[in-house]
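Read off the chains here:
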Amino acid sequence: MKYNSVFDIIGPIMIGPSSSHTAGAAIIGRLARSVFGRMPKIADIHLYGSFAETYKGHATDVAIVGGLLDFDTNDERIPQSLHLAREAGMEVAFHTEEAVPEHPNTTMIHLEDEHGSMEIIGVSIGGGKVEITELNGFKLKLNGMYPAILVLHDDRFGVISGVTNILTKHRVNIGHMEVSRKEKGKMALMVIEVDQNLQDSILDEIRGLEHVTQVTRMSP
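Everything numeric here is computed off the predicted structure, so don't read it as measured data.

With that settled, the discussion passes to the UniProt feature "domain: ACT" (unreviewed entry) in the protein chain. Residues given the UniProt feature "domain: ACT" (unreviewed entry) here are residues 148-220. As a span, residues 148-220 carries 26% helix and 41% strand, and end to end its C-alpha atoms are 8 Å apart.

Laid out in structure tokens, this is it:
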């Protein structure tokens, strides 16, 4: 793995003993909260590899839940996040899994409330850096460092160009883009990282495109 600075090794300012198991876990939880768009009522958290082996000693459990409560890595409330989640009406359950993941610091988080549900897989790759590798069964690679939009759409000709044409019209620069689909001609997920937070009017314009089902904004 390539590090750009000493801060990639030291990691972010944080509450907890480990940049991988604590800070990275909190960031994954917060990204999951950002994509879900609200505080969930139910959070089923599945832990794999070293996350499963050491999650209590390294505070991975309180870190993920702190992220789900929208706490930053240095928020002093993180050690009390399980209690605070109960007070807020969030039902949390942890499950340790024996399956061997591609990366040892892996979690699958299932979030749910009366408006819907979501399943996201994230890995903590070291130094407080993370990757979201799967969302509702769609493969992707998202690090959460830049603003992004997630566009769920029918796998049809012209949808991608329709979205990029709107961004071009509003002079929005695309830093990274990928499209994932489970099956040809069915549903697809477009993930676009951009250089600035997008106005609601731009998102509404994308929502108005034919074959677009859902548009979600994700903030770093």
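Scanning the entire structure with this criterion turns up one aromatic pair. Ring centres of Y55 and F94 lie 5.9 Å apart, and the angle between their planes is 25°; this geometry places the pair in the stacked category. With Y55 in the loop between α3 (49-54) and α4 (60-68) and F94 in strand β2 (residues 91-96), this pair connects stretches of sequence that are 39 residues apart. Taking relative accessible area as the criterion, Y55 reaches 15% and is therefore assigned buried. Taking relative accessible area as the criterion, F94 reaches 25% and is therefore assigned partly exposed. A cation over a ring is seen here: R38 above F36, with NZ or CZ 4.1 Å from the ring centre. Between the NZ or CZ atom of K182 and the centre of the ring of F138, over which it lies, the distance is 4.7 Å.

Although it is not a glycine, N136 adopts a positive phi angle of roughly 50°. Within the secondary structure, N136 sits in the loop between β5 (129-135) and β6 (138-142). Since its relative accessible area comes to 35%, N136 is described here as partly exposed. One non-glycine residue, H211, lies in the positive phi region at around 80°. Within the element layout of this structure, H211 appears in the loop between α7 (200-207) and β10 (212-218).

Turning next to the confidence of the model for the protein chain. Per-residue pLDDT for the protein chain has a mean of 88; in total, 91% of the residues score no lower than 70. Under a pLDDT of 50 for its full length, residues 1-14 has, in the predicted model, 25 contacts with residues more than four places off or in other chains.

So, about the nonpolar core. The biggest cluster of nonpolar side chains holds 40 residues, and the ones touching the most others in it are L68, I109, L111, M118, I120, L135 and L142. Broken down by element, this core gets its largest block of residues, seven residues, from helix α2 (residues 19-36). Both domains that furnish three or more residues to this core are identified here as domain 1 (6-135) and domain 2 (148-218). The contact partners of M118, leaving out residues within four places of it in the chain, are A32, V35, F36, I109, H110, L111, L135 and N136.

Another point: the packing of helix α6 (residues 159-169) against α7. Contact geometry of α6 with α7 gives a least axis separation of 10 Å together with a crossing angle of 155°. As judged from the angle between their axes, α6 and α7 are roughly antiparallel. Regarding α6 and α7, the two cross each other, and that crossing is right-handed. The residues of α7 that touch α6, namely those facing V163, I166, L167 and K169, are I202, E205 and I206.

Right, let's get into the sheet that holds strand β4 (residues 116-126). The six strands lie next to each other as β2-β1-β3-β4-β5-β6, forming an open sheet whose pairing is mixed. Two strands bound the open sheet, and with one partner strand each, they are β2 and β6. Taken over all neighbouring pairs, the strand axes of this sheet differ in orientation by 20° on average, direction set aside. Helix-sheet contacts for α4 involve β1 (42-48), β2 and β3 (105-113), and the interaxial angle to β1 is about 140°.

Right, let's get into α4. The element α4 is extensively covered by neighbouring structure, given that nine of its nine residues are classed as buried. Positive backbone phi, approximately 75°, marks D70, located one or two places after α4.

Rules of the game
- Residues numbered from 1 in each chain as written.
- Predicted model: local features only at pLDDT ≥ 70, side-chain atom pairs only at ≥ 80, totals over all residues.
- Heavy atoms only, no water.
- UniProt positions renumbered as here; feature names shortened; annotations may be inferred.
- Helix = DSSP H or I, 4+ residues; strand = E, 2+ residues; numbered from the N terminus.
- Phe/Tyr/Trp six-rings, centres within 6.5 Å; stacked < 30°, edge-to-face > 60°.
- Buried < 20%, exposed > 50% of the residue type's maximum accessible area, 1.4 Å probe, protein only.
- Lys NZ or Arg CZ within 6 Å of the ring centre and 35° of its normal.
- pLDDT = per-residue confidence, 0-100.
- Contact = heavy atoms within 4.5 Å.
- Core = buried A, V, L, I, M, F, W, Y, C linked by side-chain atoms within 4.5 Å.
- Domains from an automatic or database assignment.
- Axes fitted to C-alpha atoms, helices over the stretch in contact; angles between N-to-C directions.
- Parallel < 35°, antiparallel > 145°, perpendicular 65-115°, else oblique.
- Left-handed = near helix turned anticlockwise from the far one by under 90°.
- Pairing = 2+ DSSP bridges.

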